[in-house]
Amino acid sequence: MSSQPGEPPGRLISHFTNRGRDEQGEGWSSLWDSDESSLWDRGGPSPALIELIESGQPVLPALIGRHPRALVPGCGKGYDVAMLALHGYDVYGLEISETGAQVAREYIAAELSEPSERNYGDPTQWPKIEVGSVKIITGDFFERDWEDECSGSAFDLIYDYTFLCALLPEMRQDWARRMIELLSPTGILVCLEFPLYKDLAAVGPPWGLRGVYWNLLAQGGDGRIAEPPEESERPAGKMSRVVYLKPKKSYESGRGYDMLSEAALISIRK
C-alpha cells in the first residue's frame, strides 16, 4: 500500500485529505476508475497467508469433507481470493468498487483456469484438493445488504491485510463489530499486521496499526490508541489470540515498508 516507482509520494494521503467517513468508499472507487490501483497493489497473493494456509495449523478450518467459507474484504484484484479457492475454500471477495470487482473476476477466472505457481509455497508438496468456489461482490463492508449474496454470513476464515489500515481511525470500532458479526463461532480472523513501522499518530492511509488489532479485538477498545498497549493486561474483548507468528516470507515489493523483521500474522477466534 506504498507508492510504487514512479508514483508521487503521499498520493493516497493527499487523495483522502478532507474526505470524511461518508466519502471513503467513493474515494477508493475513484482511484480504481482512474486506474491508480498501483498505489496499493502487491502484484500477487500474500506469501504470508500462503505459508499459514499450508502450515497445517490446528486453528485452520478443516478441509476434509467440505469447503470452508472464507471472506476477503477489500479484496482488490482478487489475488488472495484465487489462492484460497485453489486451497479448497469457498471464497467471497468484497470490493467497494465495481471496477475493482470486475478486475478481480477476470483475474480469478484466468487463475483458476490455469493456476500459477505463485499460489503455492511449494506446489510439489501441497496436496491435490478440489478447488473451491469463488464469488466477487460489490458492496460496503459496513452495510449488510451484500450478505444476501453469500448464502449466509458466518465465515470460517476472514483475512485482513491493507484493509483496516485503509480505514479512518474513527471507523475501527465498527470494523471490529462487523468482523465479530461475520465470523462463525469456531472461525478465525487472520490479520497480517501492516504497517508496523508507521507512527500511530501519523496521517494515513495507510494508518499505523502497531497494537491496534490487540486493542480492538482482545481488549475491546476503540483502536484509537496513542501507543501500543501492554498485552499482559487481562483481555476483556470478545476475541482471543490463538496464533501469533512471524512469517518467513512477505511481499518483495514491500521491503522497507512492511518491516519484514517485525511482520506478524495473528489468528483470532471468538
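Residues numbered from 1 in each chain as written. Predicted model: local features only at pLDDT ≥ 70, side-chain atom pairs only at ≥ 80, totals over all residues. Heavy atoms only, no water.

For the protein, the name recorded in an unreviewed UniProt entry is Thiopurine S-methyltransferase family protein, with Purpureocillium lilacinum as its organism.

A. Just the overall build of the protein, in detail. Helix and strand counts for the protein come out as 7 helices and 7 strands. Put simply, the protein runs from its N terminus to its C terminus through helices and strands in the order α-α-α-β-α-β-α-β-β-α-β-α-β-β. Computed over C-alpha atoms, the radius of gyration of the protein comes to 17 Å, within 12% of the 18 Å expected from 2.2 N^0.38 for 270 residues, which places it in the range of a compact globule. Taken over the C-alpha atoms alone, the protein extends approximately 45 × 45 × 40 Å along its principal axes. Intrachain contacts of the protein at a sequence separation of at least 6 include 71% that bridge at least 24 residues. Total accessible area on the protein is roughly 12,200 Å²; 49% of this is exposed by carbon and sulfur atoms. Looking at charge distribution, the protein has the averaged site of its 27 positive side-chain charges lying 5 Å from that of its 41 negative ones. (Helix = DSSP H or I, 4+ residues; strand = E, 2+ residues; numbered from the N terminus. Rg over C-alpha atoms; globule rule 2.2 N^0.38 Å. Contact = heavy atoms within 4.5 Å. Areas by Shrake-Rupley, 256 points an atom, 1.4 Å probe, with all protein chains shown as cover. Lys, Arg positive; Asp, Glu negative; His and termini not counted. Charge placed at Lys NZ, Arg CZ, Asp CG, Glu CD.)

B. Broad picture of the pattern of salt bridges. Scanning all chains against the criterion turns up 11 salt bridges. With a shortest N-O distance of 3.0 Å, Arg144 and Glu147 are connected by a salt bridge. One salt bridge in this structure joins Glu147 and Arg178, with 2.9 Å as the shortest N-O distance. Of this pair, Glu147 sits in the loop between strand S3 (134–138) and strand S4 (155–160) while Arg178 sits in helix H6 (residues 172–182); the two residues are 31 residues apart in sequence, bridging distant segments of the chain. (Salt bridge = Lys/Arg side-chain N within 4 Å of Asp/Glu carboxyl O.)

C. The environment of Phe163, seen in detail. By secondary structure assignment, the location of Phe163 is in the loop between S4 and H6. On the accessibility criterion, Phe163 (12% relative accessible area) is buried. In this structure the C-alpha to C-alpha distance between Phe163 and Phe194, which are 31 residues apart in sequence, comes to 9.4 Å. (Buried < 20%, exposed > 50% of the residue type's maximum accessible area, 1.4 Å probe, protein only.)

D. Region of the structure containing the sheet that holds S3. Sheet architecture is open: 7 strands sit in the order S3-S2-S1-S4-S5-S7-S6, paired in mixed fashion. Either end of the sheet is taken by a strand with one partner, and the two such strands are S3 and strand S6 (240–245). Direction aside, neighbouring strands of the sheet carry axes that sit 20° apart on average. Bridge count for strand S5 (residues 183–192) against strand S7 (residues 265–269) is 5 bridges, and the pairing is antiparallel. Counted as the bridge partner of Cys191 is Ile266 from S7. The strands that H6 touches are strand S1 (69–73), S4 and S5; relative to S5, the one it contacts most, it runs at about 135°. (Pairing = 2+ DSSP bridges. Axes fitted to C-alpha atoms, helices over the stretch in contact; angles between N-to-C directions.)

E. Quick look at the side chain of Asp90. If you trace the backbone, Asp90 turns up in strand S2 (residues 90–95). Buried charge without a partner: Asp90 forms no salt bridge, and the closest opposite charge is Arg69, 6.6 Å away. Engagement of the side chain of Asp90 in a polar contact is seen with the backbone nitrogen of Ser133, the distance being 2.8 Å. What Asp90 contacts, discounting residues up to four positions off in sequence, is His67, Pro68, Arg69, Ala70, Gly132 and Ser133. (Polar contact = N/O pair within 3.5 Å; in protein donor to acceptor, adjacent residues only side chain to side chain.)

F. Here's a closer look at a negative patch on the surface. Together, Glu143, Asp145, Asp148 and Glu149 give the surface a local cluster of negative charge. A residue is classified by how much of its surface remains accessible, and Asp145, at 57% relative accessible area, is exposed. (Patch = residues over 30% accessible without salt bridge, like charges linked within 9 Å, V, L, I, M, F, W, Y side chains within 5 Å.)

G. The arrangement of the packing of aromatic side chains in detail. Under the criterion given, the structure shown has 9 aromatic pairs. Both rings, one in Phe16 and one in Trp28, keep their centres 4.6 Å apart while their planes meet at 40°; by these two values the pair is tilted. Taken together, the residues span a long stretch of sequence, with Phe16 in helix H1 (residues 11–16) and Trp28 in helix H2 (residues 24–33) at a distance of 12 residues. Judged by relative accessible area, which is 7%, Phe16 ranks as buried. With 5.3 Å between their ring centres and 80° between their planes, Trp28 and Trp40 make a pair best called edge-to-face. Residue Trp28 is located in helix H2, and its partner Trp40 is located in the loop between H2 and helix H3 (47–53); the two are separated by 12 residues in the primary sequence. With relative accessibility at 13%, the residue Trp40 sits in the buried group. Members of the aromatic cluster, joined through ring pairs, are Phe16, Trp28, Trp32 and Trp40. Positioned above the aromatic ring of Phe16 is the side chain of Arg19, whose terminal nitrogen or guanidinium carbon lies 5.9 Å from the ring centre. Over the ring of Phe141 we find Arg178, and its NZ or CZ is 5.7 Å from the ring centre. (Phe/Tyr/Trp six-rings, centres within 6.5 Å; stacked < 30°, edge-to-face > 60°. Lys NZ or Arg CZ within 6 Å of the ring centre and 35° of its normal.)

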